[in-house]
Structure formats: C-alpha cells, structure tokens
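Here's the letter readout for the chains.
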Amino acid sequence: MKLIYHKKILLLFFIINVTILTGQTTQSKLSTQEWIEDLDFLVNTIKTEHYKPYTTVSEKTIDSLSEDIRQKIATYSDEKIICEFSKLTALLKWGHTRFSLPVNNDHLGLYLGHLREKRPKENIAMFSTLPVRFVKFSDGIYVESTTLYNVSLLGKRLTHIGDYTVEEAIKRMSSYISYENESAFNLLAPSYLSIAELLYAEGISNSKTSIKLTFHNDDQVIIKPIKFNNDSNWIDYLTKHNISKPKWLKNTDNGIWKIVTNDEFYTKVDQYYWYDFNPEDKSFYIKINYLFHHPEKSLGIFMNEAMATATEKNAEKIILDLRHNRGGSSDMNRAVKLALQRWSKISDFGRVFVIIGRHSYSASIMLAMDLEKDFNVLFIGEELGGKPKHIGDSQRFSLPNSGLTFRISVREHHDWTGLSNRSSVWLHYKTPLTFSDYKQGIDPSLQFAKNYLFKDVETEIVNLYKTTNINVALLLYYHLLTDPKSAVKDYSGVPYALANYLYKEEEKDRWAASILGVNLEYYAKHVPSLLLLSEIQLKLKNIEEAKENLNKVLSIDSSNSEARALLNRIIKE
C-alpha cells in the first residue's frame, strides 16, 4: 500500500509539473500564415488609414520591405518579426505613426500615447529590458536610473554595447524608431538601447540573456535583462546622491525626460500644471505638463489664477516650461494664449520665456507655434520633439492575431510660416543640458531665463541673427510692428541696425537692401535707412534708384551733407 501510495504521489507530481510547463511553454504560438495576416493588416492600414503615407517614403519602399519580411517570415523568430514590423512602421518617420513594442514602459520612458497600451495576446512573449535607463545629455549617454542591484552603474557614460560603439549602435537602432527630428531621436534612441530583443535582432548583441556594456575608462560589465513583470525597485542618480532635484523635475515622475501615462501618473492638479513665484528675481515660473483639463481645476481657471498672481506679485518675467508636455488637446491652447495676452507686460521684449525640449510634442508643438506667431517670446532649451508641419492625431489599431498595437497619423498640421520642413519652432537661445549640470541639480535653461538682461532691441536683433538665423531676427521686427501696443513706438532703428550689420560685416548687400526697403515702407522718412540704401544701390550700380533716395533725404533735410556728397560723387562718375 505504501508503494502504491508513493507511486500515486509521484504520478500526481509529474502531472502537475507537466501542466505547469505546458502552461509556460506550449501555448499555441502564431503560425506563419497568422503572422503574414498580421503583416498584411499592418501594411493595408498604413496605406488606407494614414493621411499621407507617401510624404516621406515611397510606396515602392514600403512594398519592398514588406515583401522581404513576407519571404523570410517563416525563418524569423517571433521577436524578429515584431522588430521588423516596428521597422516597417518607422519607414514613414512620423512620430505619431509608430509600432508599440511589447515592453514594460514604467522605467524605459518610451512614448506609447496618452493612455497605456493594451498588452498583446497571451501567446506573444513580452520583451525583456536592461535594468538601466540611458539618457542622452549633450556630452554623452549616461545611466540615469537603474535597479538597486545595479546601483553602481549610476552616472556612468556608455561607450559600447557588445562590440559596437554607442554611436554605431544608435545608428543601427534608428531604423526601428518613429521620429521626425534629431531632438525626438535623442529622446527615444537611448531607451531603445535597453531592449534586449531589439539589440539581438539587429546583431548588436549576440545574446538576449546577457549583454556586454562598456563604460568610460573601459569599464565593462555583463548585464542580464529583466522580465516584463519584474518588480525591482529603481533609483535615479539624483535620489541616490541626495541631490535636490531642480524645479523642472518637480511634480513629474522624477525621471528626466521620462514619459508617463495619464492612467498611471496624472491624477493631481499639480501634476497637470503648477506655478511658483520667486520674490528675489521677481520671475514667475509656470509648468504645464499636460494640455488637458483636470477635473478639479480646468486649464483656463489655472491660467487665470496664475496670471492674476503674477500681476499681484508684480512679476518681471514669465517663464513657461513645456519640457515635460507631451501634448493632449490643442483646443486647450487658447486658455494659455489668452491668459498671456492679457498680461500688461506681454508686449515688452524679454519678458516671456518658453522653455521647450525633446519632450515637447503633439499639442505642445501647436502651442509653441501659436506663441511663436503671436507673441515676442524667447524660446530657449532645445528643439521640440516633432516638426511644426506634421501628420498627427494618431488612431490606435491592433493586429488581428497577435494583438500587438500600432498607431497611424490621420490629420495634417501646417506650419504657420508656410515652411515645409522646419525641424522645430526657432530657438532663440540653445541651453543644452550636460550630465555635469544634471548631477549638480543645475538647470541651464531656467538659469538663462532668470539671468537674461535685455539691452535694447537694436542690439538684440543683431545678436539673434548671429546666434540663429535671419528669420528669427526678422520675426522680432514683425512682432514689434504688428503688436498694437508696441507699434505706436518708433522702431525704425531696429531693422536699420540689422541691415547695417549685414552690409558692413558680412557684405550681404541684397539682404540688407531688402530689409531697408521694408523698413522704409513703415518709416518712409527714416534718413539713416535712405542713406544706407543709397550707398548699397550705388555699389550694385542701381544709379537712378540711389539718386531718387538721396533726393528724398534732401527733401527731408536739405542740409544733409552725406546725401549731397553722394550725389556729387554720382555726378562726377
């Protein structure tokens, strides 16, 4: 009886273990035909649902890659197929058109939309990730956060993954990433370096279970990826070293440029938006993380309260921070614009600063464009996370067999300037963040705004041209002329200062002449502009035009010796 009993126990043990193993490993994987059906669904959706699928890539290129996947799909692993689907979607290079890899987003910070993506079907294995989060600073890619077990890696600069330099690895990863400009790529690419299956699929690592990382000073480690449902505690560099986080990281998820989803994080009003007044420098800081109304306080009520407080405190500067703003609804932008418009100092140059960056995206791009068009604000930081002219408003789709999700852009947004390929609104001053600044809790953008000293518009327009481009400089002049409050003042010397610099320092005669011509449309009797334009026209052999302008000078000021001297020179020649 004992023997029979033990045999029954052993048999039961065997059955239970077989059942467990079966549940873990023999769930029906997708067949080749099912994967092909998913591929066809993905390609057909791109072609039929995307607003303009062939603006950045040809149909032939899409068909070529999809056919290559079709021919090889029977030989690919599931992970490789998923990676190829991501590559196919990324061909369009629109940020709102993207394939969602099956990863744990909690620590990587990949942008998956305003709502958390649904998990794929049970027969699709979730990808594993490295227990580190890489962030690209202006001086390299560093470990910004990690699990407590790997805390010794915090703050180290990555130089190689496997046998590839980090630059080579990122370049290879670029084909899987949906991005529109370099700023968005800088946000996303470091996170993709932490996806083990992607590293393996691209051949950057020869293993999915152990990845070789090399840091500065040839410090090498072999690191094991963690599973999707790993619940290890994570810590970031600043927390580990007890460094006070700068203001821009307040009321975020405490991750620098880390994406969060509203079902996980956005619950309190001050996680949507908040403000702070500094009585020492009289700067008023407004942080808007989300362009949606909070149920307890709408964005309109918040902005009314914020600007009323700024007025009450007699704030000298408004600093609007959009660095964690991934968008929401562009309909909400009106609340921000109207509140700023009613501030008594809005027309004074150098009063309003807008800090933007790689995280500023979607509806946030639209807000930045509205502010650029209508107000003389100074944009600082780094470029937006997407182009002003873009195809956005993505809709989510699920592949029929795998349940993997992807998004397709369905609406085109235009750049107010009419330019077709601007990478961002124009930055007035770039304020890059180094790791050295970050680890000391320093915010270069906020420091710049606080320390900025306005001299005069004539000096500023030349400085903007030298540090940016002619369009930024001319936009300053446009705002001065079209703002009813500033238009009553005489700003004739502003374009003259720019034209004078272009002509005398860079010999850009025609640019200078064009600017002076516009200035004279508004200030027809501005003698310095007439004289400088006459001098340029003489150089360009436009003699009759030069004589006409010199005679205008004499009709305004008959004793002008410079005009008479130039006329005499014309007669002699």
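Residues numbered from 1 in each chain as written. Predicted model: local features only at pLDDT ≥ 70, side-chain atom pairs only at ≥ 80, totals over all residues. Heavy atoms only, no water.

1. Considering the overall build of the chain
Turning to step 1, where the next piece is worked out: Secondary structure summary: the chain contains 23 helices and 16 strands in total.
Turning to step 2, where the next piece is worked out: Taking the principal axes of its C-alpha atoms as reference, the chain extends roughly 130 × 55 × 50 Å.
Turning to step 3, where the next piece is worked out: Taking all 573 residues of the chain together, the buried fraction comes to 54%.
Turning to step 4, where the next piece is worked out: Counting contacts in the chain only where the partners sit at least 6 residues apart, residues at least 24 apart contribute 70% of the total.
Turning to step 5, where the next piece is worked out: Total accessible area computed for the chain in this model is approximately 26400 Å², and 50% of it derives from carbon and sulfur atoms.
Turning to step 6, where the next piece is worked out: Here the chain holds 71 positive side-chain charges and 69 negative ones, and the gap between their average locations is 3 Å. (Helix = DSSP H or I, 4+ residues; strand = E, 2+ residues; numbered from the N terminus. Buried < 20%, exposed > 50% of the residue type's maximum accessible area, 1.4 Å probe, protein only. Contact = heavy atoms within 4.5 Å. Areas by Shrake-Rupley, 256 points an atom, 1.4 Å probe, with all protein chains shown as cover. Lys, Arg positive; Asp, Glu negative; His and termini not counted. Charge placed at Lys NZ, Arg CZ, Asp CG, Glu CD.)

2. A short note on the sheet that holds strand β15 (residues 405-413)
Turning to step 1, where the next piece is worked out: Ordered in space as β1-β15-β14, the 3 strands form an open sheet in which the pairing is antiparallel. Among the strands making up the open sheet, the edge pair consists of β1 (98-99) and β14 (390-398).
Turning to step 2, where the next piece is worked out: Where β14 and β15 come together, 8 bridges link them in antiparallel fashion. Within β15, the position partnered with His390 by the bridge is His413. (Pairing = 2+ DSSP bridges.)

3. A look at the layout of surface pockets
Over the atoms, a rolled probe matching the size of one water molecule traces out where space is still vacant.
Turning to step 1, where the next piece is worked out: Size it by volume and the second largest pocket reaches roughly 460 Å³.
Turning to step 2, where the next piece is worked out: Around the second largest pocket, the lining is made up of 24 residues, and of these Asn186, Arg358, Glu382, Glu383 and Pro432 lie nearest the centre.
Turning to step 3, where the next piece is worked out: Contributing elements (two or more residues each) for the lining of the second largest pocket: β2 (132-137), α7 (182-192) and α15 (444-451).
Turning to step 4, where the next piece is worked out: Per element, the largest residue contribution to the lining of the second largest pocket is 3 residues, and it comes from α7. (1 Å grid on protein atoms, 1.4 Å probe; cavity = no way out; pocket = protein on both sides within 12 Å on 5 of 7 lines; lining within 4 Å. Points joined across faces, edges and corners; volume = space filled by probe spheres on them.)

4. Notes on helix α17 (residues 470-482)
Turning to step 1, where the next piece is worked out: The end-to-end C-alpha distance of α17 is 18 Å, a good match for the 18 Å that 13 residues give at a rise of 1.5 Å each.
Turning to step 2, where the next piece is worked out: Every buried residue belonging to α17 is among Ile470, Val472, Ala473, Leu475, Leu476, Tyr477, His479, Leu480 and Leu481, and all of these are buried.
Turning to step 3, where the next piece is worked out: Contacts from the buried residues of α17 go to α13 (363-374), α16 (457-467), α18 (484-487), α19 (493-505) and α20 (509-522).
Turning to step 4, where the next piece is worked out: At the N-terminal boundary of α17, the capping side chain belongs to Asn469, with an oxygen 2.9 Å from the backbone nitrogen of Asn471. (Expected span 1.5 Å × (residues − 1). Polar contact = N/O pair within 3.5 Å; in protein donor to acceptor, adjacent residues only side chain to side chain.)

5. So, the environment of Tyr452
Turning to step 1, where the next piece is worked out: Mapped onto the elements, Tyr452 comes out in the loop between α15 and α16.
Turning to step 2, where the next piece is worked out: Looking at Tyr452, the relative accessible area reads 9%, which means it is buried.
Turning to step 3, where the next piece is worked out: Residues Tyr452 and Arg351 lie 101 residues apart in sequence; the distance between their C-alpha atoms is 9.6 Å.
Turning to step 4, where the next piece is worked out: Within the structure, the side chain of Tyr452 is placed 2.8 Å from the side chain of Glu460, a separation counted as a polar contact.

6. Re unusual backbone geometry
Turning to step 1, where the next piece is worked out: The backbone of Glu507 sits at a positive phi, close to 55°, despite the residue not being glycine.
Turning to step 2, where the next piece is worked out: Tracing the sequence through the fold places Glu507 in the loop between α19 and α20.
Turning to step 3, where the next piece is worked out: Taking relative accessible area as the criterion, Glu507 reaches 59% and is therefore assigned exposed.
Turning to step 4, where the next piece is worked out: If you check the backbone angles, Lys541 has positive phi at about 70° while not being a glycine.
Turning to step 5, where the next piece is worked out: Along the polypeptide, Lys541 turns up in the loop between α21 (527-539) and α22 (543-556).

7. Observations regarding the side chain of Asp443
Turning to step 1, where the next piece is worked out: Of note, Asp443 is situated in the loop between α14 (435-439) and α15.
Turning to step 2, where the next piece is worked out: Polar contacts involving the side chain of Asp443 include one to the main-chain amide nitrogen of Ser445, which spans 3.2 Å.
Turning to step 3, where the next piece is worked out: Those residues in contact with Asp443 that lie beyond four places of it in its chain are Pro246, Trp248 and Arg323.

8. Observations regarding the sheet that holds strand β6 (residues 211-215)
Turning to step 1, where the next piece is worked out: On the basis of which strands lie adjacent, the open sheet formed by 4 strands has the order β5-β4-β6-β7 and antiparallel pairing. Each edge of the open sheet is held by one strand with a lone partner, namely β5 (164-165) and β7 (219-223).
Turning to step 2, where the next piece is worked out: Across 3 bridges, the pairing between strand β4 (residues 158-161) and β6 is antiparallel. Looking at β6, one finds that Leu158 is bridged to Phe215.

9. Structural notes on the confidence of the model for the chain
Turning to step 1, where the next piece is worked out: Overall, the prediction assigns the chain a mean pLDDT of 90, with 91% of residues at 70 or greater.
Turning to step 2, where the next piece is worked out: For the stretch residues 1-27, pLDDT sits under 50, and the model shows 4 contacts to residues farther than four places along the chain or on other chains. (pLDDT = per-residue confidence, 0-100.)

10. Notes on the pairing of strand β11 (residues 317-321)
Turning to step 1, where the next piece is worked out: Buried residues dominate β11, accounting for 5 of its 5 residues.
Turning to step 2, where the next piece is worked out: As a crossover connection, the stretch from β11 through helix α12 (residues 333-341) into strand β12 (residues 352-356) is right-handed. (Right-handed = clockwise from strand over helix to strand, strands pointing away.)

11. Considering the pattern of salt bridges
Turning to step 1, where the next piece is worked out: Applying the stated rule across the entire model yields 31 salt bridges.
Turning to step 2, where the next piece is worked out: With a shortest N-O distance of 3.6 Å, Asp236 and Lys245 are connected by a salt bridge.
Turning to step 3, where the next piece is worked out: Looking at Asp236, the relative accessible area reads 9%, which means it is buried.
Turning to step 4, where the next piece is worked out: A cluster of three or more residues bridged by salt bridges with shared partners is formed by Glu316, Lys345, Asp348 and Arg351. (Salt bridge = Lys/Arg side-chain N within 4 Å of Asp/Glu carboxyl O.)

12. Digging into the environment of Pro131
Turning to step 1, where the next piece is worked out: Mapping Pro131 onto the fold places it in the loop between α5 (105-108) and β2.
Turning to step 2, where the next piece is worked out: We classify Pro131 as buried; its relative accessible area is 2%.
Turning to step 3, where the next piece is worked out: Residues Pro131 and Tyr192 lie 61 residues apart in sequence; the distance between their C-alpha atoms is 13 Å.
Turning to step 4, where the next piece is worked out: Those residues within four positions of Pro131 in sequence are excluded, and the remaining contacts are Thr146, Thr147, Asn150, Ile223, Lys224, Pro225, Ile226 and Trp234.

13. Some words on the nonpolar core
Turning to step 1, where the next piece is worked out: In terms of nonpolar packing, the biggest core is built from 129 residues, with Phe134 and Leu193 touching the most fellow members.
Turning to step 2, where the next piece is worked out: No other element matches α17, which puts 8 residues into this core.
Turning to step 3, where the next piece is worked out: With 42 residues, the next largest nonpolar core counts Trp343, Val352, Leu367 and Val425 among its residues. (Core = buried A, V, L, I, M, F, W, Y, C linked by side-chain atoms within 4.5 Å.)

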